[in-house]
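Fold and geometry: a report
Below are the chains, spelled out letter by letter.
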Amino acid sequence: MNVTVLGAGAWGTALAISAARRQARVMLWARDAAQASHMQQARCNERYLGPEPFPEHLTVTSDWDAALAHAATGLIVIGTPMAALADMLARMPAHAPVVWLCKGFDKASGRLGHEIAAAVRPNAPSGVLSGPSFALEVARAQPTALVSASADPALADLAAQAFHSDSLRVYTSTDPVGVEVGGAVKNVLAIATGIADGLELGLNARAALITRGLAEMTRLGLALGARADTFMGLSGLGDLVLTATGHLSRNRTVGLQLAQGKDLPTILAELGHVSEGVYSAPTVLQRAQALGVDMPITDAVVQVIEGRLPARQAVQRLMGREARAEH
């Protein structure tokens, strides 16, 4: 199968490496011609993945037409940030099968990926590839499991075939709503857990935040039409645990530094990568409020990142809430 990955950031590059390693013919498209040329010659993406080598079957290009033509009988994978998803989908061939890797709510429209696709490419085959995964570990062929989700089971199977390997297990799902809600909300909850860890509140607090955060995630997902069981899978609990506890998590890093008293612009400038949780948090809260869904942890994160509440005071407010039934 020919696979084209559009976007040469860490995650797009890592999946391109993984697919090419198992003999798939993969073309990685980079917007910047100089960057594409350098990666093709150096056979690695030094900026995002260091010296991890490119397999023989991976080609890098900045030629848009060539990239789309390469996947004419295969699969197109969009590896850009969520903010660029609508524009990328609008440039896709009418009936080309497309999956995206980005997680979160679009800041401009407040939509999840499947909602954007429904507006931009109605009735075209589309889906999402998500799950607990750090790009560097995938590039290094360390064991990882993902979920390919689409309302079209054939597309979910196609993406699984493209990426499933000895080091990367890809499961399928017909619940893209739940998979995307999990991928979006876990980033916000990872900021909350990073704040708790930065304040040295202990492992009990971390466990409580992850568990109650999962409850928030599930409530919002059900209100948006997802299935409850999805949130006990890879894109729900799995991705939440990884992002909330892993030292490679950008969102957790934001929370850790907020707890240290750093201002958000400085944190993001030093991070050097996109932290989707920062951009998604206000939209998650808005969508929840519009649906009448209670999300106190998300609310606290929004207040902290917007500078309306100090981190420690946000924790005190959460702990001061009235007792209630767990379910």
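Everything numeric in this text was worked out from a predicted model, so none of it was measured.

Criteria and thresholds
Residues numbered from 1 in each chain as written. Predicted model: local features only at pLDDT ≥ 70, side-chain atom pairs only at ≥ 80, totals over all residues. Heavy atoms only, no water. Domains from an automatic or database assignment. Contact = heavy atoms within 4.5 Å. Buried area = accessible area lost by both parts, 1.4 Å probe. Salt bridge = Lys/Arg side-chain N within 4 Å of Asp/Glu carboxyl O. Polar contact = N/O pair within 3.5 Å; in protein donor to acceptor, adjacent residues only side chain to side chain. Helix = DSSP H or I, 4+ residues; strand = E, 2+ residues; numbered from the N terminus. Nonpolar A, V, L, I, M, F, W, Y, C, P; charged D, E, K, R; others polar. Axes fitted to C-alpha atoms, helices over the stretch in contact; angles between N-to-C directions. Parallel < 35°, antiparallel > 145°, perpendicular 65-115°, else oblique. Buried < 20%, exposed > 50% of the residue type's maximum accessible area, 1.4 Å probe, protein only.

Before going further, it helps to examine the domain arrangement of the protein chain. Domain annotation for the protein chain reports domain 1 (2-174) and domain 2 (177-320). On the domain 2 side, the residues contacting the 29 residues of domain 1 number 26 residues. For the pair domain 1 and domain 2, the two sides together bury roughly 2200 Å², of which 66% comes from carbon and sulfur. Summed over the shared surface of domain 1 and domain 2, the result is two salt bridges. The interface formed by domain 1 and domain 2 contains nine residue pairs in polar contact (both at pLDDT 80 or more). Looking at which element gives the most residues to the side of domain 1 that touches domain 2, the answer is strand 7 (residues 144-149), with four residues. Taken together, the residues of the side of domain 1 that touches domain 2 sort by class into 14 nonpolar, nine polar and six charged.

Within the secondary structure, Trp 64 sits in helix 4 (residues 64-70). Along the primary structure Trp 64 and Arg 227 are separated by 163 residues, whereas in three dimensions their C-alpha atoms are 37 Å apart. Once residues within four sequence positions are removed from consideration, Trp 64 is found in contact with Leu 6, Trp 29, Met 88, Arg 91 and Met 92.

So, on to the packing of helix 9 (residues 176-198) against helix 15 (residues 296-305). In the contact formed by helix 9 and helix 15, the axes pass within 9 Å of each other and the chain directions differ by 70°. With respect to helix 15, the element helix 9 is oriented roughly perpendicular. Along its contact with helix 9, which presents Val 188, Leu 189, Ile 191, Ala 192 and Ile 195, the element helix 15 presents Ile 297, Thr 298, Val 301 and Val 304.

What follows covers the side chain of Ser 275. Relative to the elements of secondary structure, Ser 275 occurs in the loop between helix 13 (264-271) and helix 14 (276-291). The buried category is assigned to Ser 275, whose relative accessible area is 1%. Polar contacts involving the side chain of Ser 275 include one to the side chain of Asn 251, which spans 2.9 Å. The residues contacting Ser 275, other than those within four sequence positions of it, are Arg 250, Asn 251, Val 254 and Leu 268.

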